[in-house]
Amino acid sequence: MKKKLYNVAIAGATGVVGKEFLRILEERNFPVGELRLLASERSAGTRVDFKGKDEPVRLLDEETFEGIDIGLFSPGASVSAKYAPKAGAAGCIVIDNTSQFRMDPEVPLVVPEVNPRDIAQYTKRNIIANPNCSTIQMVVALKPIHDKYKIKRIVVSTYQSVSGAGKEAMEELSEQVRSLFNMRSVEPKVFQHQIAFNCLPQIDSFLDNGYTKEEMKMVNETVKIFGDASVKVTATTVRVPVFVGHSEAVNIETEKPIDPEDVKKLLSKSEGITVVDEPKKGFYPMPVDIAGQDDVYVGRIRRDDTVENGLNMWIVADNLRKGAALNAVQIAELLVRDYI
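Residues numbered from 1 in each chain as written. Predicted model: local features only at pLDDT ≥ 70, side-chain atom pairs only at ≥ 80, totals over all residues. Heavy atoms only, no water.

K.L.:
Would you take a moment to explain the overall build of the protein chain for this structure?
P.N.:
The secondary structure content of the protein chain amounts to eight helices and 13 strands. What you see for the protein chain is a C-alpha radius of gyration of 20 Å, in line with the 20 Å of a compact globule of 340 residues. Taken along its principal axes, the extent of the C-alpha atoms in the protein chain is 60 × 60 × 40 Å. Out of the 340 residues in the protein chain, the part that is buried amounts to 53%. Considering only residue pairs separated by 6 or more positions, the protein chain has 66% of its internal contacts joining residues 24 or more positions apart. Of the roughly 15,500 Å² of accessible surface on the protein chain, 49% is carried by carbon and sulfur atoms. (Helix = DSSP H or I, 4+ residues; strand = E, 2+ residues; numbered from the N terminus. Rg over C-alpha atoms; globule rule 2.2 N^0.38 Å. Buried < 20%, exposed > 50% of the residue type's maximum accessible area, 1.4 Å probe, protein only. Contact = heavy atoms within 4.5 Å. Areas by Shrake-Rupley, 256 points an atom, 1.4 Å probe, with all protein chains shown as cover.)

The following block contains the structure:
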């Protein structure tokens, strides 16, 4: 007999994504039975509101997953590496928002609008991976195009907000702006360089091939999610002084002839996508407008005449919602609807 309520644990409950988990579970009326909020020693003992009730934050340890059905994880990759397998062994299905398991061949990497059937593979380890925030919004926008026109190559440049680097990064941007307006010097701590009024062409560490880990995440995750190794992807990821919302300039080349107006109609009918594309009137997606929104927003759709079947577009989404917490909760919704 199917359950009416599901016991849910949130690992990393006091972080920016953890708080978004709580907000979205409440907004979408997810059938939560018992709720366990888990965090490090620094946050254990605090209390967090959920549906008007003060919920205690407990210390994340090996015993905290007994009797839990679903674990929403965003505690950092090293913590997930330690605790997600233990949670899975205890019968908890983990939806992990860190990078730890994304390329594990036994762990499905899922975006519900793109590859929902891959969720069925969770039984191998009781873990489902949530993709990188920038990957999620891009594949949501590109999957309908890939299905109809067959994408050969993707060139993406990202403009990623500081919230993608966590609460301390958001605080650093705020502090630097205040300091600079008051003629005080700034001392970067979270980022390697000043982030206020600046753009940093580095997200994560550099690899031997000259790309950053963040850039290669987009390359490798896109191929895994599409299930198509023939798609070639190259990425440049940039951190910008925006609090919430990642933007991407995306150029694609397709096998079949592609028409911008047809693409606009196709995306307008696709799940999880809003097209905002009247540039002459000043209407196009911007982070300041999409913060707090669930959809992936697409605009500036136009032909690239330098290749036979080329298209440019601009993609914007709330990285804390669709890029992280919302995607995970949508996976949980499919789990309880179809699998558990």
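Here the narrative resumes, following the displayed structure.
K.L.:
Teacher, can you tell me more about the sheet that holds strand E6 (residues 93-96) here?
P.N.:
Strand pairing in a sheet takes place through backbone hydrogen bonds and is either antiparallel or parallel in direction. Spatial strand order, E3-E4-E2-E1-E5-E6-E7: seven strands in an open sheet with mixed pairing. At either margin of the open sheet sits one strand with a lone partner, and together these are strand E3 (47-50) and strand E7 (127-129). When the angles between neighbouring strand axes are averaged without regard to direction, this sheet yields 25°. As paired elements, strand E1 (residues 6-11) and strand E5 (residues 70-73) share four bridges and run parallel to each other. Each residue of the ladder has a partner; that of Ala9, found in E5, is Gly71. Strands E1, strand E2 (32-39), E3 and E5 of the sheet are contacted by helix H1 (residues 16-27), whose axis makes an angle of about 155° with E1. (Pairing = 2+ DSSP bridges. Axes fitted to C-alpha atoms, helices over the stretch in contact; angles between N-to-C directions.)

K.L.:
Hey, could you run me through helix H3 (residues 133-149) in this one?
P.N.:
Within an α-helix, residues lying three or four positions from one another point in the same direction, as the helix has 3.6 residues per turn. In this model H3 runs 24 Å from its N-terminal to its C-terminal C-alpha over 17 residues, within 8% of the 24 Å that 1.5 Å per residue would give. The element H3 is largely enclosed, with a buried count of 15 among its 17 residues. Just beyond H3, the residue with positive phi is Lys150, at close to 60°. (Expected span 1.5 Å × (residues − 1).)

K.L.:
Please explain the nonpolar core as it appears in this structure.
P.N.:
For soluble globular proteins, the rule of thumb is that nonpolar side chains tend to be buried together. Leu142, Ile145, Ile252 and Met313 are the most contacted members of the largest nonpolar core, which totals 51 residues. Among the elements that take part in this core, H3 stands out by supplying eight residues, more than any other. Beyond its immediate stretch of four places on either side in the chain, Met313 contacts Leu142, Ile145, Glu248, Ala249, Val250, Ile252, Val298, Gly299, Arg300, Ile301 and Arg302. (Core = buried A, V, L, I, M, F, W, Y, C linked by side-chain atoms within 4.5 Å.)

K.L.:
Hey, could you run me through the sheet that holds strand E8 (residues 151-160) in this one?
P.N.:
Strand order across the open sheet formed by six strands is E9-E8-E10-E13-E12-E11, with mixed pairing between neighbours. Only two strands of the sheet have a single partner each, and these edge strands are strand E9 (232-239) and strand E11 (273-275). For this sheet, the mean angle separating the axes of adjacent strands, direction not counted, is 25°. Looking at chain direction, E8 and E9 are connected through eight bridges and run parallel. When the sheet's bridge partners are listed, Ser157 is paired in E9 with Thr236.

K.L.:
What is the right way to look at unusual backbone geometry in this model?
P.N.:
At Asn126, a residue that is not glycine, the phi angle is positive and equals roughly 60°. Structurally, the position occupied by Asn126 is in the loop between E6 and E7. Overall, Asn126 belongs to the buried group, its relative accessible area being 16%. Within the chain, Asp204 stands out as a residue other than glycine whose phi angle is a positive 75°. Its location among the elements puts Asp204 in the loop between helix H4 (167-181) and helix H5 (213-226).

K.L.:
I'm lost on the environment of Lys4 in this one. Help?
P.N.:
Along the polypeptide, Lys4 turns up in the segment before E1. Taking C-alpha positions, Lys4 is 6.8 Å from Pro31, a pair spaced 27 residues apart along the chain.

K.L.:
Would you mind going over the pairing of E6 with me for this structure?
P.N.:
Within a regular strand, the side chains alternate between the two sheet faces. Of the two faces of E6, the one carrying Ile93 and Ile95 and the one carrying Val94 and Asp96 are both buried. In this structure, E5 lies alongside E6, joined through four bridges in parallel fashion. Within the sheet, the bridge partner assigned to Gly71 lies in E6 and is Val94. You can see the chain leave E5, run along helix H2 (residues 77-89) and come back into E6, and the turn it takes is right-handed. Note: E6 against E7, three bridges, orientation parallel. By the bridge assignment, Val94 is partnered in E7 with Ile127. (Right-handed = clockwise from strand over helix to strand, strands pointing away.)

K.L.:
Got a minute to help me understand a nonpolar patch on the surface in this structure?
P.N.:
A cluster of nonpolar side chains, namely Tyr284, Met286 and Val288, defines an oily patch on the protein surface of about 280 Å² accessible area. Under the relative-accessibility criterion, Val288 is labelled exposed at 70%. (Patch = residues over 30% accessible without salt bridge, like charges linked within 9 Å, V, L, I, M, F, W, Y side chains within 5 Å. Salt bridge = Lys/Arg side-chain N within 4 Å of Asp/Glu carboxyl O.)

Just geometry here; none of it tells us what the structure is for.
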